[in-house]
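If you want the building blocks of each chain, they are given just below.
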Amino acid sequence: MKIIYHCYGGAHSSVTAAAVHLGWLPSDRLPATDELNNLPYFDRPVTQDHGNIRYIGTDDSGNEIFIVGRRNASRIFENLAAGLLEIYAQPKEQFIFIDVMPYVNWKMVLGGFTSRRLGWAWFGRPVIMAGVRYSYWSIVSLVQRVKVCMASGQKELH
Amino acid sequence: MKIFYLCHTGHHTSLLAAALHTGMIAENQKNPWRLRGFDDIKSGDIGTPYYVGTDGNDAEIYTIGVWNENMVMSRTLNDLINLMEIPRGQWKIVDTTSHASRWTIFGHSLKRLGFDSLAKMFFKAGVRKELKGLAAMVKKPDKSGLHH
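Now for a look at the structure at hand.

**Observations concerning the overall build of chain A**
Here comes step 1: Helix and strand counts for chain A come out as five helices and four strands.
Here comes step 2: When the elements of chain A are put in sequence order from the N terminus, they spell out β-α-α-β-β-α-β-α-α.
Here comes step 3: With respect to the principal axes defined by its C-alpha atoms, chain A has extents near 45 × 35 × 25 Å.
Here comes step 4: Residue burial in chain A is summarised as follows: out of 158 residues, 52% are buried.
Here comes step 5: Within chain A, counting contacts between residues at least 6 apart in sequence, those at least 24 apart form 68% of the total.
Here comes step 6: When the accessible surface of chain A is split by element, carbon and sulfur atoms take 52% of a total near 7,400 Å².
Here comes step 7: Each charge class in chain A can be summarised by its mean position, and for the 16 positive and 13 negative side chains these summaries are 7 Å apart.

**Examining the pairing of strand β2 (residues 54-58) of chain A**
Residue and element names in this part refer to chain A.
Here comes step 1: Examined bridge by bridge, β2 and strand β3 (residues 64-69) share four bridges and lie antiparallel to one another. Considered in β3, the bridge of R54 is made with I67.
Here comes step 2: Hairpin connection, β2 to β3: the antiparallel pair is bridged by five residues, and G62 has positive phi, about 85 degrees.

**Some remarks on the pattern of salt bridges**
A pair can form between side chains of opposite charge whenever their charged atoms are brought close.
Here comes step 1: One pass over the full model with this rule turns up 12 salt bridges over all chains.
Here comes step 2: Across the salt bridge formed by A:K2 and A:E64, the nearest N and O atoms sit 3.2 Å from each other. You can see A:K2 sitting in strand β1 (residues 2-7) and its partner A:E64 sitting in strand β3, a full 62 residues away along the chain.
Here comes step 3: The salt bridge involving B:K2 is made with B:E60; its shortest N-O contact spans 3.1 Å. With B:K2 in strand β1 (residues 2-7) and B:E60 in strand β3 (residues 60-65), this residue pair connects regions lying 58 residues apart in the sequence.
Here comes step 4: Given a relative accessible area of 12%, B:K2 falls into the buried group.
Here comes step 5: According to the relative accessible area criterion, B:E60 is partly exposed, its value standing at 25%.
Here comes step 6: In this structure, a network of salt bridges that share partners links the residues A:K2, A:E64 and B:E85.

**Focus on unusual backbone geometry**
All names here are of chain A.
Here comes step 1: For Y41, which is not a glycine, the phi torsion comes out positive at approximately 75 degrees.
Here comes step 2: Its place among the elements puts Y41 in the loop between α2 (33-37) and β2.
Here comes step 3: Positive phi outside glycine occurs at A89, with the angle close to 50 degrees.
Here comes step 4: Along the polypeptide, A89 turns up in the loop between α3 (74-87) and β4 (95-99).
Here comes step 5: We classify A89 as exposed; its relative accessible area is 66%.

**Description of the side chain of A:S135**
Here comes step 1: Following the sequence through the fold, A:S135 ends up in helix α5 (residues 121-152).
Here comes step 2: If sequence neighbours within four positions are ignored, A:S135 has contacts with A:Y103, A:N105 and A:M108.

**Focus on the packing of helix α1 (residues 13-22) of chain B against helix α4 (residues 116-139) of chain B**
Residue and element names in this part refer to chain B.
Here comes step 1: Packing of α1 against α4 brings their axes to within 9 Å, and their N-to-C directions diverge by 50 degrees. Overall, the two elements α1 and α4 adopt an arrangement that is oblique. Of the two possible hands of crossing, α1 and α4 adopt the one that is right-handed. Two secondary-structure elements touch here, α1 through T13, L16, A17, L20 and H21 and α4 through V127, E130, L131, L134, A135, M137 and V138.
Here comes step 2: Of the residues in the contact of α1 with α4, the class split is nine nonpolar, two polar and one charged.

**Some remarks on the interface of chain A and chain B**
Frequently, the measure chosen for interface size is the accessible area removed from exposure when the parts meet.
Here comes step 1: Taken together, the contacts link 29 residues of chain A with 27 residues of chain B.
Here comes step 2: Summing both partners gives a buried area of about 2,300 Å² for chain A against chain B, and 72% of it is carried by carbon and sulfur.
Here comes step 3: Counting the surface chain A buries against chain B, the share from its top three residues, A:I76, A:L80 and A:Y88, is 28%.
Here comes step 4: Counting across the interface, chain A meets chain B through two salt bridges.
Here comes step 5: For the salt bridge of B:E69 with A:R71, the shortest nitrogen-to-oxygen distance reads 3.0 Å.
Here comes step 6: For the interface between chain A and chain B, the tally reads 10 residue pairs in polar contact (both at pLDDT 80 or more).
Here comes step 7: When residues of the side of chain A that touches chain B are traced back to their parent elements, those giving at least two are β1, β3, α3 and β4 of chain A.
Here comes step 8: No other element matches α3(A), which puts 10 residues into the side of chain A that touches chain B.
Here comes step 9: Residues belonging to the side of chain A that touches chain B are distributed by class as follows: 15 nonpolar, nine polar and five charged.

Conventions adopted
- Residues numbered from 1 in each chain as written.
- Chains lettered and ligands numbered in written order.
- Predicted model: local features only at pLDDT ≥ 70, side-chain atom pairs only at ≥ 80, totals over all residues.
- Heavy atoms only, no water.
- Helix = DSSP H or I, 4+ residues; strand = E, 2+ residues; numbered from the N terminus.
- Buried < 20%, exposed > 50% of the residue type's maximum accessible area, 1.4 Å probe, protein only.
- Contact = heavy atoms within 4.5 Å.
- Areas by Shrake-Rupley, 256 points an atom, 1.4 Å probe, with all protein chains shown as cover.
- Lys, Arg positive; Asp, Glu negative; His and termini not counted.
- Charge placed at Lys NZ, Arg CZ, Asp CG, Glu CD.
- Pairing = 2+ DSSP bridges.
- Salt bridge = Lys/Arg side-chain N within 4 Å of Asp/Glu carboxyl O.
- Axes fitted to C-alpha atoms, helices over the stretch in contact; angles between N-to-C directions.
- Parallel < 35°, antiparallel > 145°, perpendicular 65-115°, else oblique.
- Left-handed = near helix turned anticlockwise from the far one by under 90°.
- Nonpolar A, V, L, I, M, F, W, Y, C, P; charged D, E, K, R; others polar.
- Buried area = accessible area lost by both parts, 1.4 Å probe.
- Polar contact = N/O pair within 3.5 Å; in protein donor to acceptor, adjacent residues only side chain to side chain.

What follows is the structure in structure tokens.
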């Protein structure tokens, strides 16, 4: 199964969710700054990277975890993915797309903009860290629901 | 082989290009806006691939709406098809957004505001402006926005 976490830039919330899924970030405490900084792609992608689906790792169940930044085209992305699955007759249960944007807060938006768009990482990154920690338990909860759905064979995340 | 033509909605500029490709319309077509599917899209459906037909080489021709995110969605489309383990060379992506005329683009804005009839007038004007350029592009697909 391929699980694709998507958000605006593919640099913060989706990376965090993927890392939690893979066990690279804790599920029982808030992550330290170094733990977030050391994640691959965390606050690294630039505008030219948007749209690229990046492989992050494989979880304990053999599912491949990916991330993608699709900017504000969430609906377009989901329609595109669903349409392609149909065109290529791919089993829908083999691809799961998880939108992490609902768990993004204003700190992550502000930090992401200043760090990635303006290049002010010195300012943006600490703001992003604060934002990630603020939404962290929601993201952990999302990932846990994803895992429960996969384990129970449910096709849709509720 | 599948060929995906991209534009803002998948039902305007890219549809013209796809129709030229399949021979459904000619470069000097009168009233090309009468094409099946032209301007027949709701905003919530943008992104869903639209099957246009098959060309002389049995390639399936589709259009996809990507709004203003043509570069981003081109990459995503490419990567998604790769993830599905489709052999390379079995698909092509043609971005027609640069061929959209100002009339068509303004028509999109009008349609978003709910002025459908007025938008249609602008789409018709846009079609006339775009047809020649799209016909030239379709004849030379490898040199114009082709990715795979």
